Amino acid sequence: MVLLAASPAAFPKVGQLVRHAAPRVLENMIMPVASFYLGMIVSGPIGGMAASALWVYGGLALRLIWRVPVPGVALLAVLTLTVRTVVGMLSGSAVLFFLQPTLGIFCVSAAFFISLRGRRPLAERIARDLVPLPDHVAAHPGMRRFFVRQSLLWGCAQLVNGSFTLWMLLHEALETFLVVRTAGVAVLLGGMALWSMLDLRRTLGALQLRA
């Protein structure tokens, strides 16, 4: 039986993955919220929306100036933020500005659960975008169980994320929402990401032992 003799060695260490992900989390999750908060302090909700948009559009402009490839996810984020900003500014409501991505979280959760009935769970699609798994490894029954398990766990995590975010948005002051929600979600999703990486390493190690 030929099986991934080199895969575990090629799989990066957890520390490497964290260092790779940290700048992206800072740029795409933390700084837009921090920019909104600072802008809101200076000139209210409209200023917060403008500051958040300035951060995202500024990052896109720098990539274009420096001729750095723009990821598809970044383009999607720019498009989504544009719609959110227009709706938020026209309505003057910061709640509407944050409501759309909150509802999107529930859609992501549903996508994880629905994919459990398909041939390729959503976790498999995401994992193979991040980690170069050979086809014969990804198709192994042990890896299939891993992908199903991770899709179920991430579906639950996003359901908790969406429920917590929506409750905070509707029941707490905007300042409290920004601080508490950001910290809570960072802990939740950061812990899930770490668990997923450790689970993947354990699964690959088990497959190697059986080879």
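Before reading on, note that the structure itself is shown above.
These numbers come from a predicted model, not from an experiment.

Below, the discussion takes up the overall build of the chain. The number of helices and strands found in the chain is 8 helices and 0 strands. Reading the chain from its N end, one meets helices and strands in the order α-α-α-α-α-α-α-α. Entry remark: accessible area of the chain is about 12,300 Å², with carbon and sulfur atoms responsible for 72%.

In this structure, Phe-36, Phe-97, Phe-98, Leu-174, Phe-177 and Leu-178 are the most contacted members of the largest nonpolar core, which totals 17 residues. Breaking this core down by element, the ones donating at least two residues are helix H2 (14-65), helix H3 (72-91), helix H4 (94-115), helix H7 (141-171) and helix H8 (174-210). For this core, the element with the most residues is H2, which contributes 7 residues. Residue contacts for Phe-36: discarding those within four places in its chain leaves Pro-45, Gly-48, Met-49, Ser-52, Ala-94, Phe-97, Phe-98, Leu-174 and Leu-178. Grouped together as the second largest cluster of nonpolar side chains are 10 residues, Leu-133, Phe-146, Leu-200 and Leu-204 included.

As a further point, take the pattern of salt bridges. Scanning the entire structure with this criterion turns up 4 salt bridges. Across the pair Glu-124 and Arg-120 runs a salt bridge whose closest N-O atoms are separated by 3.7 Å. Given the relative accessible area of 4%, Glu-124 is considered buried. Of the charged contacts, one joins Arg-149 and Asp-199 as a salt bridge, the two residues approaching to 3.0 Å between their closest N and O atoms. Of the two residues, Arg-149 is situated in helix H7 and Asp-199 in helix H8; the sequence distance between them amounts to 50 residues. For Arg-149, a relative accessible area of 30% gives the class partly exposed. By relative accessible area, Asp-199 is classed as buried at 5%. If you follow the salt bridges from partner to partner, you end up with Arg-120, Glu-124 and Arg-144 in one network.

A few words now on the environment of Asp-199. Sequence separation of Asp-199 and Gln-150 is 49 residues, and the distance between their C-alpha atoms is 8.9 Å. Apart from the residues lying within four places of it in its own chain, the contact partners of Asp-199 are Phe-146, Arg-149 and Gln-150. In this structure the side chain of Asp-199 is engaged in a polar contact, spanning 2.9 Å, whose partner is the side chain of Gln-150. One polar contact links Asp-199 to Arg-202, side chain to side chain, over a distance of 2.9 Å.

A surface patch of nonpolar side chains, amounting to about 310 Å² of accessible area, comprises Val-25, Leu-26, Met-29 and Ile-30. When you line up the elements, Met-29 lands in helix H2. Given a relative accessible area of 41%, Met-29 falls into the partly exposed group.

Attention shifts here to the packing of aromatic side chains. A full pass over the atoms with the stated rule returns 5 aromatic pairs. The interplanar angle of 75° and the centroid separation of 5.0 Å between the aromatic rings of Phe-36 and Phe-98 together place this pair among those described as edge-to-face. With Phe-36 in helix H2 and Phe-98 in helix H4, this pair connects stretches of sequence that are 62 residues apart. A relative accessible area of 0% means that Phe-36 is categorised as buried. Residue classification places Phe-98 among the buried positions, given a relative accessible area of 9%. With 5.4 Å between their ring centres and 65° between their planes, Phe-146 and Phe-147 make a pair best called edge-to-face.

So, on to unusual backbone geometry. Despite not being glycine, Arg-67 shows a phi value in the positive range, around 55°. Position of Arg-67 relative to the elements: it lies in the loop between H2 and H3. Judged by relative accessible area, Arg-67 falls into the exposed class, the value being 77%.

Between H4 and H7, whose axes approach to 8 Å, the crossing angle comes to 160°. It follows from the interaxial angle that H4 and H7 lie roughly antiparallel. You can see that H4 and H7 cross each other, and the crossing is left-handed. Classifying every residue of the contact of H4 with H7 gives 14 nonpolar, 10 polar and no charged.

Basis of the calculations
Residues numbered from 1 in each chain as written. Predicted model: local features only at pLDDT ≥ 70, side-chain atom pairs only at ≥ 80, totals over all residues. Heavy atoms only, no water. Helix = DSSP H or I, 4+ residues; strand = E, 2+ residues; numbered from the N terminus. Areas by Shrake-Rupley, 256 points an atom, 1.4 Å probe, with all protein chains shown as cover. Core = buried A, V, L, I, M, F, W, Y, C linked by side-chain atoms within 4.5 Å. Buried < 20%, exposed > 50% of the residue type's maximum accessible area, 1.4 Å probe, protein only. Contact = heavy atoms within 4.5 Å. Salt bridge = Lys/Arg side-chain N within 4 Å of Asp/Glu carboxyl O. Polar contact = N/O pair within 3.5 Å; in protein donor to acceptor, adjacent residues only side chain to side chain. Patch = residues over 30% accessible without salt bridge, like charges linked within 9 Å, V, L, I, M, F, W, Y side chains within 5 Å. Phe/Tyr/Trp six-rings, centres within 6.5 Å; stacked < 30°, edge-to-face > 60°. Axes fitted to C-alpha atoms, helices over the stretch in contact; angles between N-to-C directions. Parallel < 35°, antiparallel > 145°, perpendicular 65-115°, else oblique. Left-handed = near helix turned anticlockwise from the far one by under 90°. Nonpolar A, V, L, I, M, F, W, Y, C, P; charged D, E, K, R; others polar.

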